Amino acid sequence: MAEMVVPTSEVRAALGQITKRFDAGDSEPVFFGSHRRVQAVLVPIATWEKLLAHAEDELDLGVARRRLSDRGEWLSEEELDAAVTRAIEKASGQAPG
């Protein structure tokens with residue numbers, strides 16, 4: 001995982017330099033913590049956004065797989081339309097039509 005763990009106090013003192021390095025295109029993460037134990041990591045925002053998107057995709061894929069493996073009855077198109085209409089009406093405070 002982390003090649004080098006930087007003490008938290010050093011990261012605090014060098015935060016401006018670290019962000020400038022990220023702005024310059026260096027994407028190497030900074031692992032830091034105390035007593036040579038990694039407690040956190042700093043990464044450029046672009047890296048964070050990619051990680052977050054990937055995690056969200058994995059979660060979506062897991063939900064989709066579970067739903068597809070459900071052998072229960074599926075709603076017809078008409079039943080689905082009616083359910084969505086009821087949900088919209090309920091959310092907007094309208095009386096069912």
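Rules behind the numbers
- Residues numbered from 1 in each chain as written.
- Predicted model: local features only at pLDDT ≥ 70, side-chain atom pairs only at ≥ 80, totals over all residues.
- Heavy atoms only, no water.
- Core = buried A, V, L, I, M, F, W, Y, C linked by side-chain atoms within 4.5 Å.
- Buried < 20%, exposed > 50% of the residue type's maximum accessible area, 1.4 Å probe, protein only.
- Helix = DSSP H or I, 4+ residues; strand = E, 2+ residues; numbered from the N terminus.
- Pairing = 2+ DSSP bridges.
- Axes fitted to C-alpha atoms, helices over the stretch in contact; angles between N-to-C directions.

Caption draft 1: Fine view of the nonpolar core. In terms of nonpolar packing, the biggest core is built from seven residues, these being Val6, Val11, Ala14, Ile18, Phe22, Val30 and Phe32. The element contributing the most residues to this core is helix H1 (residues 8-23), with four residues.

Caption draft 2: Up close: the environment of Gln17. Along the chain, Gln17 falls in helix H1. Under the relative-accessibility criterion, Gln17 is labelled exposed at 60%. Residues Gln17 and Phe31, spaced 14 residues apart in sequence, show a C-alpha to C-alpha distance of 15 Å.

Caption draft 3: Looking closely at the sheet that holds strand S1 (residues 5-7). Taken in spatial order, the three strands line up as S1-S2-S3 in an open sheet, and their pairing is mixed. Each of the sheet's edge strands pairs with one partner strand only, and the pair in question is S1 and strand S3 (37-42). Taken over all neighbouring pairs, the strand axes of this sheet differ in orientation by 45° on average, direction set aside. As judged from the three bridges shared by S1 and strand S2 (residues 30-34), these two strands associate in the parallel manner. Following the sheet pairing, Pro7 is matched in S2 by Gly33.

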